[in-house]
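Here are the chains, one letter per residue:
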Amino acid sequence: MTSPASSSEVKYLIESSEGNTFDVSGAALRQSNTFNAMFLNIGADGPIPFTDYNEATLKKVFEYCEHSVNEENYSGPKHQDDLSKWDLNFFNEMDQKMFIDVINASNFLDIERLTSYCCERIARMLRGKNTQEMIKVITLPTAEELEAKQKVEEKKAAAAKKVAEKAAETAEKTETLEELPVQQLVQTTRNKLTRKYLSFSNE
Amino acid sequence: MKMINNRRSNKFPILRLPFLAIEEIFKAMDPIEIINFSMTSKQAKTVTKEMVFNSKYALCLSIDKTLGISINGTNNRVSCVYGMTSDKRLDGKIEEDKRNRFITRNVFKYSNNPIEEWKQLCKHVLEIFKKQTIDVLTLYMDEFVDHNVSIIDFLRTNVKSVDVCYLFQSEEENDVDEHAAYLLNNLKVNNELHSLLHIKNDYFEVKIPKNLKELNLHNSHWIGYERLLEIDCKSVILEKNQISDKEWNLFLKKWITMETNQNLEYLELGNRQLDIFRIHVLYDIPHEVVDGAVKRILKIRFNQTQKISGGIDIRRIDGKTATLFVYRIFGKNRFAMSVH
């Protein structure tokens, strides 16, 4: 179902945490730096497992990517006042849980534009507020929640490892094409993910 | 249509987000928001300290009528000032000033003990922005006279050094000698010292920082010949000094033989006339009067350069030339020596 070509016509299969699969265009996927580092040039043998995120979240994230396929190259976050009606609707449609899931998924997939728009939106909630006012805005996590967060980060690290292994497996299959660059690519991705998840676990 | 219910009720679990997402949020916040955020909880402070980009901000402390902590970003074009005040009417007031490309945002916070609260906030800011050196310290030494020593002690305990230090006094008649000496003897200044103090004691004993880029003493009557020889800074302004012609003559001879001020690039000797200086000071020093039609780019105040006509050249034994000349800046004639 998937192809090593990087054409925007190509569809990739994405697997969610429920085990469901759905199509995403290559053009949309290319907005994910994580995807670019892992699969863009080598393709994927079977569905790409982003199994730490549910179908609804992934579909929401890729809905954004599909929409912004034709936008100009990303050049830093837009001011919230400059967001289009579509963008505003996209954000306003989400409840808080979905919003957080989208940030987490976008962060993992390294989709700069979506991550920074989401984060700019949160920063806006704190704009011009003093400490006491901020305390009212920020829900402070309990000890149990912090522990749970730690477990989630560990789970994410394991998922990332799984994805990297999958990429390595795919790379092995295509070694006759681009043996050395692919291995370097996988190693780079692994290093990147390790760094990312080390920073999570250090929180 | 589902809405972001909790965001509508202004509650959001920011600290539950992954670190990289929190970092993105920080990038969209101004320094005052970052400080306020870091004070919301112990965990928020820990997260704030992890932000590597925080160290790019310049930290400026000021002790004036209002005690200020400024954090400057974007090449000092944006300045966020946290002002501690004992004036209750100013509490929470926000002022924004935009001039040319510079933006200043002042946020005032009332305190019935502004000095102690300022110290606590400084300590917090130094910690979260991972600073051991203050970029700019501005101190009006007669504003909180009874607290000067405790402020200086606070600074020497909490910072290693100050890059740029401005010392002022509001009223000329106030005697700030003792506290000024205490500050300069206990705080390391790295790059620039600008003193507009009116020192009362002609024999003011103080450690003048060495190897500064700029040493500007706007009332330097207490600098005598011996002190002059000890100065070893790149740019030196000694306004209203009491150094005699004979002493300038000796100084220049020592400079020529490389016995003093070897790092000197610019020296302002006060308001003098070139011809008279030539007769009274350079009488036994080899020199060359440069034709007025000759124009050269020479170093002047504040690390700037200017096209200067003529002047008098003297030469050091290593071949370096110093040009003595008069130029006008800020409505006054300045008699200067520029090394090139």
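Chain B is annotated in an unreviewed UniProt entry as F-box domain-containing protein from Caenorhabditis remanei.

As annotated in an unreviewed UniProt entry, chain A is Skp1-related protein from Caenorhabditis remanei. In its Sequence similarities (unreviewed entry) section, UniProt records this for chain A: "Belongs to the SKP1 family."

(A) Broad picture of the overall build of chain A. Per the secondary structure count, chain A includes nine helices and three strands. Along chain A, helices (α) and strands (β) appear in the sequence β-β-α-α-β-α-α-α-α-α-α-α when read from the amino end. Of all 203 residues assigned to chain A, the portion counted as buried reaches 48%. Within chain A, contacts between residues at least 6 apart in sequence are counted, and of these 69% link residues at least 24 apart. Of the roughly 9,800 Å² of accessible surface on chain A, 50% is carried by carbon and sulfur atoms.

(B) Expanded view of the packing of aromatic side chains. Throughout the structure, instances matching the rule amount to 20 aromatic pairs over all chains. With a centroid separation of 6.1 Å and an interplanar angle of 75 degrees, the aromatic rings of A:Phe50 and A:Phe108 are classed as edge-to-face. With a gap of 58 residues between them, A:Phe50 in the loop between β3 (48–49) and α3 (55–67) and A:Phe108 in helix α5 (residues 96–109) connect regions that are remote in the sequence. Of the two residues, A:Phe50 and A:Phe108, neither departs from the other in class, the shared state being buried. Here a set of aromatic residues connected by ring pairs shows up, and it is made of A:Tyr64, A:Trp86, A:Phe90, A:Phe91, A:Phe99, A:Tyr117 and B:Phe12. Between B:Lys56 and the ring centre of B:Tyr57, over which it is positioned, the NZ or CZ distance is 5.7 Å.

(C) Structural context of α3(A). All names here are of chain A. Along its 13 residues, α3 runs 18 Å from first to last C-alpha, staying within 8% of the 18 Å computed at 1.5 Å per residue. Among the structural elements, β1 (11–15), β2 (21–25), α1 (26–29), α4 (85–92), α5 and α6 (112–126) are those in contact with the buried residues of α3. One side-chain oxygen at the N-terminal end of α3 lies 3.3 Å from the backbone nitrogen of Ala 56; it belongs to Asn 54.

(D) Quick peek at the sheet that holds β1(A). Residue and element names in this part refer to chain A. With mixed pairing, the three strands of this open sheet are ordered in space as β2-β1-β3. Of all the strands in the sheet, just β2 and β3 have a single pairing partner and so form its edges. Contacting β1 and β2, α3 runs over the sheet at an angle of about 15 degrees to β2.

(E) Local environment of the nonpolar core. Counting residues in each nonpolar core, the largest one holds 142 residues, and the members touching the most others are A:Phe62, B:Phe37, B:Ile69, B:Trp118, B:Trp248 and B:Met337. The residues contacting B:Phe37, other than those within four sequence positions of it, are A:Leu126, A:Met134, A:Ile138, B:Ile14, B:Leu15, B:Phe26, B:Met29, B:Ala44 and B:Thr48. By size, the runner-up hydrophobic cluster in this structure holds nine residues, among which are B:Ile237, B:Leu298, B:Ile300 and B:Ala336.

(F) Structural detail: the packing of helix α3 (residues 31–38) of chain B against helix α4 (residues 42–49) of chain B. Residue and element names in this part refer to chain B. For the pair α3 and α4, interaxial distance at closest approach is 7 Å and the crossing angle is 135 degrees. The angle between the axes of α3 and α4 places the two elements in the oblique class. Contacts from Ile 34, Phe 37 and Ser 38 of α3 reach α4 at Ala 44, Lys 45 and Thr 48. Here the residues of the contact of α3 with α4 sort into three nonpolar, two polar and one charged.

(G) Highlighting the packing of α6(A) against helix α2 (residues 19–27) of chain B. Two elements in contact, α6(A) and α2(B), have axes whose closest approach is 8 Å; the angle formed by their N-to-C orientations is 60 degrees. Our classification of the angle between α6(A) and α2(B) gives oblique. The chirality of how α6(A) crosses α2(B) is right-handed. Packed against α6(A), whose contacting residues are A:Thr115, A:Ser116, A:Cys119, A:Ile122 and A:Ala123, the element α2(B) presents B:Ala21, B:Glu24 and B:Ile25 at the interface.

(H) Inspection of the pairing of strand β5 (residues 102–110) of chain B at higher detail. Residues and elements named next belong to chain B. As paired strands, strand β3 (residues 78–85) and β5 are joined by eight bridges and run parallel to one another. By the bridge assignment, Tyr 82 is partnered in β5 with Val 107. Across six bridges, strand β4 (residues 94–99) lies against β5 in antiparallel orientation. Note that in β5 the partner of Glu 96 across the bridge is Arg 105. Where β4 folds back on β5, the antiparallel hairpin that results is connected by two residues, among which Asn 100 adopts a positive phi of roughly 50 degrees.

(I) Layout of the UniProt feature "domain: F-box" (unreviewed entry) in chain B. The feature "domain: F-box" (unreviewed entry), as annotated in UniProt, sits at residues 11–56 of chain B in this numbering. In the segment residues 11–56 of chain B, helix accounts for 54% and strand for 0%; the C-alpha atoms at its two ends are 30 Å apart.

(J) Summary view of the side chain of B:Thr48. All names here are of chain B. Mapped onto the fold, Thr 48 is located in helix α4. Judged by its relative accessible area of 0%, Thr 48 is buried. Those residues within four positions of Thr 48 in sequence are excluded, and the remaining contacts are Phe 26, Ile 34, Phe 37, Ser 38, Asn 54 and Ile 128.

(K) Examining the pattern of salt bridges more closely. A complete count under the given rule lists 31 salt bridges over all chains for this structure. Its salt-bridge partner being A:Lys60, residue A:Glu93 comes within 3.2 Å of it at the nearest N-O pair. With A:Glu93 in the loop between α4 and α5 and A:Lys60 in helix α3, this residue pair connects regions lying 33 residues apart in the sequence. On the accessibility criterion, A:Lys60 (8% relative accessible area) is buried. Residue B:Lys45 pairs with B:Glu127 through a salt bridge whose shortest N-O separation is 3.1 Å. Of this pair, B:Lys45 sits in helix α4 while B:Glu127 is found in helix α5 (residues 114–128), placing the two residues 82 residues apart along the sequence. Judged by its relative accessible area of 24%, B:Lys45 falls in the partly exposed class. B:Glu127 gets classed as partly exposed once you look at its relative accessible area, which sits at 32%. Each of the salt bridges in this network shares a partner with another, and the network as a whole consists of B:Asp30, B:Glu96, B:Lys98 and B:Arg105.

The rules behind these values
Residues numbered from 1 in each chain as written. Chains lettered and ligands numbered in written order. Predicted model: local features only at pLDDT ≥ 70, side-chain atom pairs only at ≥ 80, totals over all residues. Heavy atoms only, no water. UniProt positions renumbered as here; feature names shortened; annotations may be inferred. Helix = DSSP H or I, 4+ residues; strand = E, 2+ residues; numbered from the N terminus. Buried < 20%, exposed > 50% of the residue type's maximum accessible area, 1.4 Å probe, protein only. Contact = heavy atoms within 4.5 Å. Areas by Shrake-Rupley, 256 points an atom, 1.4 Å probe, with all protein chains shown as cover. Phe/Tyr/Trp six-rings, centres within 6.5 Å; stacked < 30°, edge-to-face > 60°. Lys NZ or Arg CZ within 6 Å of the ring centre and 35° of its normal. Expected span 1.5 Å × (residues − 1). Polar contact = N/O pair within 3.5 Å; in protein donor to acceptor, adjacent residues only side chain to side chain. Pairing = 2+ DSSP bridges. Axes fitted to C-alpha atoms, helices over the stretch in contact; angles between N-to-C directions. Core = buried A, V, L, I, M, F, W, Y, C linked by side-chain atoms within 4.5 Å. Parallel < 35°, antiparallel > 145°, perpendicular 65-115°, else oblique. Nonpolar A, V, L, I, M, F, W, Y, C, P; charged D, E, K, R; others polar. Left-handed = near helix turned anticlockwise from the far one by under 90°. Salt bridge = Lys/Arg side-chain N within 4 Å of Asp/Glu carboxyl O.

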